[in-house]
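# Per-entry structural report
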Amino acid sequence: MSEILKNKIAYIYSDDLVTHCDKLPAMKNRASIVHDLVRNYNLLSQENIVVVKPRDATEDELKSFHSSDYIDLLKSLNSFDTSLDNIEDNHLEFGLGYDNVIIENVFDFASCLVGSSVSAARLLAAKKCKTVINWFGGWHHAQRDSAAGFCYVNDIVIAIQIMSKFFDKIIYVDLDIHHGDGVQNAFEYSSKILTLSFHKYSQGFFPNTGNIDDIGQSQGKYYTMNIPLKDGVCDKTYVDIFNEVFSMVIENFKAEALVVQCGGDGLIEDPLGQCNLTLKGLGECINKILKSDLPTLFLGGGGYNFPNTARLWAYLTSLILKTDLSNDIPDT
Ligand code: V1S
Ligand code: CA
Ligand code: ZN
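Just so it is clear, the model here is predicted, and its values are computed rather than measured.

## Considering the UniProt feature "binding site: substrate" (unreviewed entry) in the protein
- Under the UniProt annotation, "binding site: substrate" (unreviewed entry) lies at Asp99, Gly149 and Tyr304. In summary, the annotated positions, though distributed over 206 residues, converge in three dimensions, the widest C-alpha pair being only 14.0 Å.
- Among the secondary structure elements, aspartate 99 is positioned in the loop between α6 (89–93) and α7 (106–125).
- Setting aside anything within four residues of it in sequence, one finds aspartate 99 in contact with Gly149, Phe150 and Phe206.
- Positionally, tyrosine 304 belongs in the loop between β8 (296–299) and α12 (306–321).

## Overview of the coordination of the calcium ion (ligand 2)
- Within the protein, the atoms that donate to the calcium ion (ligand 2) are Asp174 (O), Asp174 (OD), Asp176 (O), His178 (O), Ser197 (OG) and Phe198 (O), at distances of 2.4 to 2.9 Å.
- Given six donor atoms and angles of 71 to 166° at the metal, the environment of the calcium ion (ligand 2) is assigned as irregular.

## A few points about the site of ligand 1
- Near ligand 1 lie 15 residues; those nearest to it are Asp99, His140, His141, Asp265 and Tyr304.
- Histidine 178 places a side-chain nitrogen or oxygen 3.1 Å from an oxygen atom of ligand 1.
- Measuring from an oxygen atom of ligand 1, one finds a side-chain N or O atom of aspartate 265 at 2.9 Å.
- Contact with the protein chains removes 61% of the 820 Å² of surface that ligand 1 exposes when unbound.
- Taken together, the residues of the shell around ligand 1 sort by class into seven nonpolar, five polar and three charged.

What counts and what doesn't
- Residues numbered from 1 in each chain as written.
- Chains lettered and ligands numbered in written order.
- Predicted model: local features only at pLDDT ≥ 70, side-chain atom pairs only at ≥ 80, totals over all residues.
- Heavy atoms only, no water.
- UniProt positions renumbered as here; feature names shortened; annotations may be inferred.
- Helix = DSSP H or I, 4+ residues; strand = E, 2+ residues; numbered from the N terminus.
- Contact = heavy atoms within 4.5 Å.
- Donors = N, O, S within 2.8 Å, 3.2 Å for Na, K, Ca; no water.
- Tetrahedral: all angles 85-135°; square planar, octahedral: opposite > 155°, others 65-115°.
- Near = heavy atom within 4 Å.
- Polar contact = N/O pair within 3.5 Å; in protein donor to acceptor, adjacent residues only side chain to side chain.
- Areas by Shrake-Rupley, 256 points an atom, 1.4 Å probe, with all protein chains shown as cover.
- Nonpolar A, V, L, I, M, F, W, Y, C, P; charged D, E, K, R; others polar.

Below is the structure:
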């Protein structure tokens, strides 16, 4: 296995993973659109990529971050009849309501989703691959005992926990236009995991956290970084700030690995983000990250203009593979 993967970039994919993600109410069919575009640009037949089928996460892996109460509730709701309107107060307490309605087979979804990023993290930890892409992961809002902001479980935290057993220091970079609150909260007491989120920070914008003064706690003080941005932020501002901050962090923190959440909701025409980033701007950030030449896990995240999100992730895949996208645009 390791010989086959040597020097290759792993692309995490399974039919089950896409089928589960396609059913998410806020992102209906987005996973298929993304995967179809990546595949039809022939990116998966490049010689330096290998498609890896992930395994499901175990209950212990889910509970390595989430509380037993929360995971046991998801398990008990696995065969919940979603056609009946019988939401209980208990469900709302665990964040299962407005943004995170109870979906069919919610526990199976959670194990499949977390399993995708756990599998990715294990490839990096075992040094089988230096770069892994999982566009179906990146659910940064889920908290220890609740769902939040379309995120049912936090695959990112669980992947970082696994990687941190093998890499002494890790930088988590969150390019999604929302604040990466769930990941920040999980590591705010740690000096080994530096979290860095770029996000829109304006009155009423979800999740309303990520002030520049939030810098971590206790031993983790100065290892939480927040870059709040104004409504409508454009490439020039975003990329200039990113370049300056990322260079400074790379020079001073001496990380051994990176985890990058590449949410596409900062792109122009995104109905939730309402900002003005382009593929070129986010691509420049990714190129800068690639220059650091560290083991890296690239994840998806938000992105509510589905065709544009698919364009972004197909383009980022081409940058990671160091190949040009064909001028023949696939029908998909
Ligand atoms: N912005 C926004 C938004 N839109 C929705 C939404 C829309 C239609 C629905 F049928 C259900 C929900 N929810 C929100 C935000 C959550 C945004 C999550 C972003 C996720 C990510 O891209 O970062 C990563 C995947 N939720 C809210 O604004 C929460 C409320 C605060 C709004 C008001 N209501 C009444 C309570 C919850
Ligand atoms: Ca962010
Ligand atoms: Zn987002």
